[in-house]
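Fold and contact review
This is what each chain is made of:
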Amino acid sequence: MALPQRILFPPEEICMDWQQRQRPGAGLCNLGSTCYINVILQCLTYTPPLANYLLSRDHSQLCHQQGFCMMCTMEAHVRKVLCSSANVIWPRAVVRDLKFIGEEFEPDVAGDAYEFLRRALEAMQRACLSGSSNVDNSPQTTTIIHQIFGGFLKSRVTCLSCQAVSDSYKAFLHVLLDIKAPSSLTAALEDFVTPKKLDGKYCLKCSKCQKVTVSKKVTVHRVPKVFTVCLERAADHTGKKISKIVEYPEYLDLRPYMSDTAGEPLLYSLYALVVHRGDTCLDGHFFCYTKASNGLWYKMDDESVDNCGIHAVLRQQAYLLFYAR
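Source: prediction; values computed, not measured.

What follows deals with the packing of helix H2 (residues 48-55) against helix H4 (residues 70-83). For the pair H2 and H4, interaxial distance at closest approach is 9 Å and the crossing angle is 95°. Considered as vectors, H2 and H4 are oriented roughly perpendicular to each other. Together, Ala51, Tyr53, Leu54 and Leu55 of H2 and Met71, Met74, Glu75, Val78, Arg79, Leu82 and Cys83 of H4 make up the contact between the two elements. In terms of residue class, the contact of H2 with H4 is made up of nine nonpolar, no polar and two charged.

Residues Met71, Phe116, Val274 and Leu320 are the most contacted members of the largest nonpolar core, which totals 62 residues. The element contributing the most residues to this core is helix H7 (residues 113-129), with ten residues. Once residues within four sequence positions are removed from consideration, Leu320 is found in contact with Ile40, Ala113, Tyr114, Leu117, Val229, Cys230, Ala272, Leu273 and Val274. One finds Val229, Leu252, Leu254 and Tyr257 within the second-largest nonpolar core, a separate group that totals 35 residues.

Right, let's talk about the pairing of strand S5 (residues 175-178) for a bit. Taken residue by residue, a regular strand's side chains alternate between the two faces of the sheet. Residues Val175 and Leu177 of S5 are buried on one face, while the alternating residues Leu176 and Asp178, pointing to the opposite face, are not. One ladder, built from four bridges, connects S5 with strand S8 (residues 226-232); its direction is parallel. Each residue of the ladder has a partner; that of Asp178, found in S8, is Glu232.

To continue, consider the pairing of strand S12 (residues 297-301). A large share of S12 lies buried, amounting to four of its five residues. By the bridge criterion, four bridges tie strand S11 (residues 285-291) to S12 in an arrangement that is antiparallel. Within the sheet, the bridge partner assigned to Tyr289 lies in S12 and is Lys299. Joining the antiparallel neighbours S11 and S12 is a turn of five residues, in which Gly295 adopts a positive phi near 85°. As defined by bridge partners, S12 adjoins strand S13 (residues 304-308) across five bridges and the pair is classed as antiparallel.

Turning our eyes to something else, we now look at unusual backbone geometry. Positive phi, normally seen in glycine, also occurs at Ser33, with a value near 60°. Note on placement: Ser33 falls in the loop between strand S1 (27-28) and helix H1 (35-45). You can call Ser33 partly exposed: its relative accessible area is 35%. Phi angles above zero are rare outside glycine, and Asp302 is one such case at about 55°. Along the polypeptide, Asp302 turns up in the loop between S12 and S13.

Analysis parameters
Residues numbered from 1 in each chain as written. Predicted model: local features only at pLDDT ≥ 70, side-chain atom pairs only at ≥ 80, totals over all residues. Heavy atoms only, no water. Axes fitted to C-alpha atoms, helices over the stretch in contact; angles between N-to-C directions. Helix = DSSP H or I, 4+ residues; strand = E, 2+ residues; numbered from the N terminus. Parallel < 35°, antiparallel > 145°, perpendicular 65-115°, else oblique. Contact = heavy atoms within 4.5 Å. Nonpolar A, V, L, I, M, F, W, Y, C, P; charged D, E, K, R; others polar. Core = buried A, V, L, I, M, F, W, Y, C linked by side-chain atoms within 4.5 Å. Buried < 20%, exposed > 50% of the residue type's maximum accessible area, 1.4 Å probe, protein only. Pairing = 2+ DSSP bridges.

This is the structure in structure tokens:
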């Protein structure tokens with residue numbers, strides 16, 4: 001992998017520990033089927049390196065973007081949640097500009113928390129690249145957003161006939177895991193990195209011997225500072241939901257799922273998760289649990305913010321998991 005020619009944000013300026021320790025901030029008013037937005041806003045607000053950066057106002061002081069800017073919007077939102085004395089705030093600015101975050105979102109229409117997370121991160125990434133001309137794929141991975149949430153996956157394709165090997169690399173901001181069979185996060189990660197035989201409609205042709213049966217193995221090649229996982233609960237396209245409990249640890253070691261499994265453990269700590277309550281994926285309600293800067297856990301359900309213990313946090317039907325390095 002080639003090193004970037006230009007660094008858009010100095011990695012040494014990213015602080016993983018809270019620079020300000022305080023009680024949890026405000027709850028978020030539901031403005032009409034906006035619980036899927038509220039949970040992602042809360043999880044991002046309690047992501048320490050992102051919150052530290054947004055509270056510094058470094059982005060808005062240098063931003064010259066005309067019109068909507070997701071980074072400026074998030075900066076104002078995080079400051080309002082964490083710095084105001086209000087118990088509840090209205091995230092009107094985010095809901096007002098939903099169409100700029102993702103065209104599929106509409107006010108008063110229920111949405112999916114994972115889709116909103118994807119679009120929110122993409123919108124923040126676009127904001128970080130605004131004003132940068134001729135930015136190729138390499139410097140795009142040096143924004144503050146990609147340096148916090150982004151890593152690289154390595155895809156190794158092996159021809160089962162001639163044993164020829166081809167490697168490729170892909171940047172990621174989040175990982176989607178299949179939980180139809182696995183009953184734990186670690187088992188789902190093990191399945192994720194297990195080589196898969198590709199044939200039939202999924203076949204790939206070997207450039208060396210032109211045979212079509214290959215094996216593909218995906219591993220984490222470069223770890224992010226914040227590892228974000230979606231446990232795919234959609235059983236099919238009808239909206240049927242996989243409601244089983246998938247166990248997840250408070251502390252996670254990513255080393256076994258790396259391209260290079262040798263070396264020291266790569267330890268991550270759980271700091272937020274999103275839960276979906278409902279019989280199908282097409283209806284229901286989202287709420288979340290976050291770890292505030294004071295080190296305590298809180299259940300955040302729209303307007304309500306209630307203290308809870310780690311044992312309650314680890315017994316949920318989790319949908320999204322957020323781990324910090």
